[in-house]
Every structure is written in C-alpha cells, then in structure tokens.
Amino acid sequence: MNKFFFYTLLLLALTSPSAAQQQKKDISPEDIWKSGTFAMDYFFPPESMNDGIHYSQLDYNDNLGEIVKYSYKTGKAVATIVKGSELTPSDMVGKAKPFRIEGYRFSPDETKILIWNETEQIYRHSTREIYYVYDIKTKKNTLLSDYGKQSYARFSPDGKKVAFVRENNIFYKDLSSGNEVQVTFDGKINHIINGAVDWVYEEEFSMDAGFQWSPDGNRIAYYRFDESMVKEFSMTMFRGELYPAEYKYKYPKAGEENSTVSIHCYDVKLNQSHMLPLGTGKDDYIPRIKWTSDPAVLSIQKMNRLQNKLELVLVNFSKAPQGEPKTLMTEESKTYIEISDHLTFLADKKHYIWSSEKDGFFHLYLYDMTGKQVNQITKGNWDIAGFYGVDEAKKLVYYTSAEASPMERELFSVKLDGSGKKKLSAKKGTNTPYFSTGFKYYINSHSDANTPPAVTLHSADGKLIRTLLDNVQLKDKMKDYNIAKKEFFKFKTSEGVELNGWMMKPWNFDAGKKYPVFMTVYGGPGANTVNDAWDGRGYFWHQLLTQKGYIVVSVDNRGTGYRGYEFKHCTYKQLGKLEVADQIEAAKYLGAQPYVDKARIGIFGWSYGGYMSSLCITKGADFFRMAIAVAPVTNWRYYDSIYTERYNGLPQDNPSGYDDNSPIHFVKSLKGKYLLIHGTADDNVHFQNAAEMQSALVKAGKQFDSFYYPDKNHGMWGAHYHLYTMMTNYILGNL
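Calculation notes
Residues numbered from 1 in each chain as written. Predicted model: local features only at pLDDT ≥ 70, side-chain atom pairs only at ≥ 80, totals over all residues. Heavy atoms only, no water. Helix = DSSP H or I, 4+ residues; strand = E, 2+ residues; numbered from the N terminus. Rg over C-alpha atoms; globule rule 2.2 N^0.38 Å. Contact = heavy atoms within 4.5 Å. Areas by Shrake-Rupley, 256 points an atom, 1.4 Å probe, with all protein chains shown as cover. Lys, Arg positive; Asp, Glu negative; His and termini not counted. Charge placed at Lys NZ, Arg CZ, Asp CG, Glu CD. pLDDT = per-residue confidence, 0-100. Salt bridge = Lys/Arg side-chain N within 4 Å of Asp/Glu carboxyl O. Buried < 20%, exposed > 50% of the residue type's maximum accessible area, 1.4 Å probe, protein only. Polar contact = N/O pair within 3.5 Å; in protein donor to acceptor, adjacent residues only side chain to side chain. Pairing = 2+ DSSP bridges. Axes fitted to C-alpha atoms, helices over the stretch in contact; angles between N-to-C directions. Parallel < 35°, antiparallel > 145°, perpendicular 65-115°, else oblique. Left-handed = near helix turned anticlockwise from the far one by under 90°. Nonpolar A, V, L, I, M, F, W, Y, C, P; charged D, E, K, R; others polar. Core = buried A, V, L, I, M, F, W, Y, C linked by side-chain atoms within 4.5 Å. Phe/Tyr/Trp six-rings, centres within 6.5 Å; stacked < 30°, edge-to-face > 60°. Lys NZ or Arg CZ within 6 Å of the ring centre and 35° of its normal.

### So, the overall build of the chain
What the chain contains, in helices and strands, is 13 helices and 43 strands. The C-alpha atoms of the chain give a radius of gyration of 27 Å, which matches the 27 Å a tight globule of 735 residues would have. For the chain, the spread of C-alpha atoms along the principal axes amounts to about 80 × 65 × 65 Å. Taking all contacts inside the chain whose residues are at least 6 apart in sequence as the whole, residues at least 24 apart take part in 57%. Carbon together with sulfur atoms contributes 50% to the accessible area of the chain, which is approximately 31600 Å² in total. In the chain, 89 side chains carry a positive charge and 86 a negative one; their mean positions are 4 Å apart.

Listed below in structure tokens is the structure:
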C-alpha cells in the first residue's frame, strides 16, 4: 500500500466509519495457503559459537545458502564462513547440480563443519542425507562417505572423527587417514537397528540419533533394537506408478510385541563393542542415555512398560571394562511419568539437575551424585514449561513457566539453591529464549494471541539490547483486513471444574444476533490449544470463518497441561471420557449465551483432536450439529504401544478404557454431519482408523462424508490449500 492511499484511508476512517469499513478486505483460502499474503518473517534459532559473543545462521541470500557469522551485540554479519556456491557440486545421485546447503554442524573446536544436502525425510524426526566435511582454514570440502546417504553424523569431541549411521549400522570416519571404520555389522532393515531408534521411540520419545560419543572421544555408547518380533504394518504407495508399491515397517500397537532394546558401548582404541549389563527385560524402555561430566560414566534412564517407574542408572567404565551399573535414583507414579531432556550433569561432577511432577507440579530439583536430593530449585503451584540451562559460574538456572497462567510463558532465572528468583521477560504472552554459550546473551521470541512474533536480543539479566525482527510488514498487512480479536474466557462445568478458552467473534459482531459456533480442539494429554501465543495460519483461517459469520472457540479440557499433576493425570486409563465431557460442557455453556445459536455448534480436530471431534459428534450428538475429523484415532487398539499404554495402560488390563471411549463403538449415535479425512500414507495414525470407522458407519446405516489424500502422511504437507478449502466449504454448507 503506498503512503498516499494509506493516508486517504486514514482520513476516511476519521470522517466516515462506514466508508472506512468498506475498504477492509475479507480473507480467502488463497491468501492463507497460496499467495503468501500473510507471510511471516522467521528468525530461526541461532547456533551460538564457542566465544558466546557470536552466533551463526544459514542464510539463503543466493538460494544456495551461506553460513554467516553474526555479532550478538550489534546483530551485524562479521564474516561469511562458507557459501554454497563455493562448494563442490554433488555427484552422488548420478548428475552434478548446484550445491545447496541444507544444514550444518560445527566441530567442537569450530575448525570444521559438517554440511549436508539432498535431505530425505524418513519419519517425523529421522532423515538421511549426503554429508561433507568442510575445513574452514583450508576451504577444502570432502565427501564424508563414498557409499550413498548417511544419518545423524556427529563429530567426535576432538573433531578428528565423524560417526554416522547407514543401513542400520554405525560407522565412523577418521578424518586424518580418510579410513571408514564399521562399528556394527548385524544391522538389517526391519530386523536390527544400531545407532538409531525404531519408529515408536522416534515418535513417542522424540528421538532420532541413537548413539553418543563419550566426552573424551574414547567410546561410543549406542542403542541396539531387535525388532524381529514386532509386527509389520504395510501401506500402499501409489506415486503415479502403473503398479503401486507396498511399504512395510515395524509398528508396535498397544499390547503387542515391542522391540527388545539394549545399550552397547564401542571402545575406539580396542575396536570392540559389548552390551551393558543393565538387567533390562524385553518389555523395558530405555528412553534416554547421556554421558555425565565424567567421560568414564554413562547415565541411562530405564522405564517399565507401563511407564510409571523410572530409574536413573550410572554405568562406570573405570571400575569394569564392560561397565559397572549402579541405580542412582528411582521415581514412581500412580499414573505415568513423562520423559524430558532436562537431566543436566554439572561440571563439578558432584551434582545434577532433574525435573519431576512429584510434588504435584512440574519442577526442577538439584541432586548430588549419590542420588540424594539437595534442594528443590523451583517450587509453587505452577509448572515449569522449559529448562534452558544453568550458568554454573553464577549458579543461575534459566527456565520458562506457566506461573502467571497456563496460557502464558514467562522467562525466569533462579539460583541453584532456589533463592533469588527473577523474572526476565517483560511482555505478557509467550516467551521463548535462545541463550548464547556462557549465558551472556539470549535471543527472545515473543508473541501473543493477536500479535505475530517479535524477536529481541537481551543480556542475561533481561535487559533489552535491540530488536532483531518485529514482523511489521505482516502487522501492516493485517490492517487491510477485517480482523477479529482473539479473547480469553473461563467458565465452570456442572462438576465445578474451571476451564480456559478463547473466542473470536465476527469483526462486525452484533450482540442482538445469534451466531453459529465453530469449535476447534486438540485435547490430548498435556497439549494446550488455549495459549496466549501466535497461531500462524490457523489464526487466519479462524479469521476467515469469523468473516463468514461464525464465532470460533477453543477450550482446553481436563488432561491438558500446565495446571498441575491432578488436572493433567485425571484422564489416566480413561482417555476421551473426561475430555469429551468437558467439550460437551463447553458446547452447553456456549449454547446458553444470548448471541449463540445452540442448534448450530460444530467442532473440528486433527489427530487427537480428530479423535475428540469424532467422539463429540457421536457421544455428544445432541450438542453438535457438525464435526470434521482429520487423521483421527478411531480405536485406541490401533495406535502405538508407547503413547497409548502410557495414558491408558495395557489393553489386556484395561479393555474398558480402550473400548468405552473409542469413536468406532459409538457410530450408532451419529446424528449430525460428519466429515472424515485421512492420508493413505499416514505412518503415525494409520489410514486403517478411517477405513474401519467408515465400515462401522456403513454397517450402522449412517450417512457421512469422507475424503482421503493418496500418499499423504499425518501432516498432509502439500495438500493444505485443498484441505482447508474443502473444510471451509463443508462448514459453510453444513453449519
């Protein structure tokens, strides 16, 4: 918009409100998913450099990428470390083409860089790519391996070796000699995995790399998965071919056989591996391994299959060549324990930081290396949301919490002894910090429910130094459109439970009219949708719906996070029961408002949210006129072992918890309009869920609508414009 036109609109706004309103635009699906009208400026998390006063980023100024060094203090580029255009083209796929840097990782001494491209996504976290080792001083770029693509390449602590995984085996390359050493030999697809993790660990324990160098570089600790007994799941992949292909992979469903997992250690000098004597059974999980500050001591977290008992074990290699295990501490719960990456071993080799819900809220604790609690670092009737490290020199811990509200994230520092708590963030909403090495600076991303992210630089005491990014162009663009404000509200259910929600009313809302309501839900354990944070494209889709005359609402039911142990864990062994009861209560509450047409309430959800919307239109058929379910679980017996059993127990022990709240068993109650959408190549929530739901609906004589996306996975990337256009039209036609 040019300045003259802007000031003309401003004058109209001051003299003629109706004329100004006519100049405002409505949002279209093309604006959100095609044209880039609401494109946002992103600041990707920087890689802090060793000196703590510089950071590096991958910039795409020439489309091939360049790794640039920046000053924290000034924000200015001080050096271009390497450009993609200067690197050797890749010839690993049969033909040379320009070298595009897709990612990088410095060696510990920052003299070399692992650079990769031609990334191939495997599952949610896992990838394989072609790696190069770039020497900053000599500017020489060397292919890591001559044998195709690798995964999870990592420098050794001295930067002289690089370990990686290929075809389920571990290798390392000696950079001085150029020799490639094979560490394991029994890796086989869908049988044995070395140095990586199986599908269910990757998805539910948020892991990918399954090996770690010891701090002195003398050992590699690694996972070995024997998934021979895990049942295979197959998916038909069409891909425009004359004959579709069948893709098979190991997927343990609830109550079924899991992989047998063991931890091994490879001695680089002896060129030998051995399995650690942990005494784990075939049903035990090992969700984390981590070297302590002592290079001869490895920590291992062991968990039983029900995930209600967690042991922290130390394995000492200085006391026995094969490793001597000792249980440092054990934590148990009457429900379940969730895994985090908060375990931090201090450099003094005497203490570590641990997180737990054991006092009823999620907090940080300081322990000594005998497993004795020294003190509780954070405390209060609120949960921490993130742990960002400890400045050992100043004995300060940095964390974010939901202390002000379950909907907000504030940044704090506190001393290791729990004293001297200080709030560092200044703005209400959601704050996400990225600290520099040595904790001299942090870069903070802040947003709220109605404001796109702004990124600022601060000193570690919270003092603002400068603004890096403010998304002013997007903010200005939003002024051209009819934008409704997202507002928060609370209400109490008939059981006396207070629930949080947000509401977006049409920009031209008239309290004397009655409006249809479109609810959006996720509702799964610990996952909130009612956040004082920017919601990206979802925000603009909801705006589009308000412009069509709908009130858009989201409510966090029981089982969601940041309200303490009892609120989150009360859904244990009865997934869906209390959650759906709360969403029905929300529909009742909304229907009682004078401006709501209670006969026109609809609900939408994706994944767990699709499960919820499917239950609402069946169990809650009297309160919902329409539901859209994208990639829903329709029967908990179809979903994976780790997630489902964590929250619902074993199906053999808790059959009612599986069957009493699975939508597939309530199809006879369907009254309203139901749209079921799924991707045929969904490796997470299988298309089987949609197929079996449809079979049950057909058997019950129920009419419904469905759509499937060939070869699309759980995220349905590449189909969002089509998907959201279809859903928008469905809402307009049925609600």
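From this point, the discussion proceeds with the structure in view.
### Structural notes on the confidence of the model for the chain
Summing up the model confidence of the chain, the mean pLDDT is 94 and the portion of residues at 70 or higher is 96%. Segment residues 91-95: pLDDT under 50, and seven contacts once partners within four positions in sequence are set aside and those in other chains are kept.

### So, the pattern of salt bridges
Applying the stated criterion to the full structure yields 25 salt bridges. Residue glutamate 311 pairs with lysine 302 through a salt bridge whose shortest N-O separation is 4.0 Å. For the pair formed by glutamate 311 and lysine 302, the shared burial category is buried.

### Quick look at the side chain of glutamine 57
By the secondary structure assignment, glutamine 57 is in strand 2 (residues 54-59). There is a polar contact of 2.7 Å between the side chain of glutamine 57 and the backbone oxygen of phenylalanine 44. Every residue in contact with glutamine 57, bar those within four places of it in the chain, is listed here: Phe43, Phe44, Pro46, Glu66, Ile67, Val68, Tyr70 and Tyr104.

### Focus on the sheet that holds strand 9 (residues 151-155)
Read from one edge of the open sheet, four strands run 9-10-11-12, paired in antiparallel fashion. Edge positions in the sheet fall to strand 9 and strand 12 (180-182), since each of these pairs with one other strand and no more. Ignoring strand direction, the axes of neighbouring strands in this sheet form an average angle of 20°. The pairing of strand 9 with strand 10 (residues 161-166) spans three bridges and is classified as antiparallel. Directly across from arginine 154, in strand 10, lies its bridge partner alanine 163.

### Re the side chain of aspartate 682
With respect to the helices, strands and loops of the structure, aspartate 682 is situated in the loop between strand 42 (673-679) and helix 12 (688-699). Lacking a salt bridge, the buried aspartate 682 has arginine 124 as its closest oppositely charged neighbour, with an N-O distance of 7.3 Å. In terms of polar contacts, aspartate 682 uses its side chain to reach the side chain of histidine 714, at 2.7 Å. Apart from residues no more than four positions distant in its own chain, aspartate 682 is found in contact with Met235, Ala631, Phe687, Lys712, Asn713 and His714.

### Details of the packing of helix 6 (residues 536-547) against helix 13 (residues 720-734)
Relative placement of two packed helices is described by the angle separating their axes and the distance separating the axes. Contact geometry of helix 6 with helix 13 gives a least axis separation of 11 Å together with a crossing angle of 30°. Taken as axis vectors, helix 6 and helix 13 run roughly parallel relative to one another. The way helix 6 lies across helix 13 gives a crossing that is right-handed. In this structure, helix 6 contributes Trp541, Leu544 and Leu545 to the contact, and helix 13 contributes Tyr724, Met727, Thr728 and Ile731. Class assignment for the residues of the contact of helix 6 with helix 13 results in six nonpolar, one polar and no charged.

### Re the nonpolar core
Grouped together as the largest cluster of nonpolar side chains are 112 residues, with contacts concentrated most on Tyr201, Met519 and Tyr674. Contacts of methionine 519, omitting those with residues within four sequence positions, involve Val553, Gln583, Ala586, Ala587, Leu590, Ile601, Gly602, Ile603, Phe604 and Phe624.

### Quick notes on the packing of aromatic side chains
Applying the stated criterion across every chain yields a total of 60 aromatic pairs. Taking 4.8 Å as the distance between ring centres and 85° as the angle between the ring planes, the aromatic pair formed by tyrosine 201 and phenylalanine 225 counts as edge-to-face. Of the two residues, tyrosine 201 is situated in helix 4 (residues 199-204) and phenylalanine 225 in strand 15 (residues 219-226); the sequence distance between them amounts to 24 residues. Comparing tyrosine 201 with phenylalanine 225 shows no difference in burial state: the two are buried. Their ring planes at 20° and their centres at 5.8 Å tell us that tyrosine 223 and phenylalanine 225 sit as a pair that is stacked. The class for phenylalanine 225 is buried, based on a relative accessible area of 0%. One residue, lysine 358, lies across the ring of tyrosine 365, its end atom 4.5 Å from the ring centre.

### Section: the pairing of strand 34 (residues 451-459)
Walk down a regular strand and you will see the side chains alternate between the two sheet faces. Of all nine residues in strand 34, eight are buried, a share of seventy percent or more. The pairing of strand 33 (residues 441-448) with strand 34 spans seven bridges and is classified as antiparallel. When the bridges of strand 34 are listed, tyrosine 442 appears paired with histidine 458. Turn length for the strand 33-strand 34 hairpin, with the two strands adjacent in sequence and antiparallel, is two residues. A loop of four residues connects strand 34 with strand 35 (residues 464-469), the two strands running antiparallel in sequence, and glycine 462 in this loop sits at a positive phi of about 100°.

### Overview of the sheet that holds strand 3 (residues 66-71)
Strand order in the open sheet made by the four strands is 1-2-3-4, with antiparallel pairing throughout. Looking at the sheet topology across the chains shown, the edges are occupied by strand 1 (47-48) and strand 4 (77-83). The sheet contact formed by strand 1 and strand 2 spans two bridges and is antiparallel. What sits directly across from serine 48, in strand 2, is tyrosine 55.

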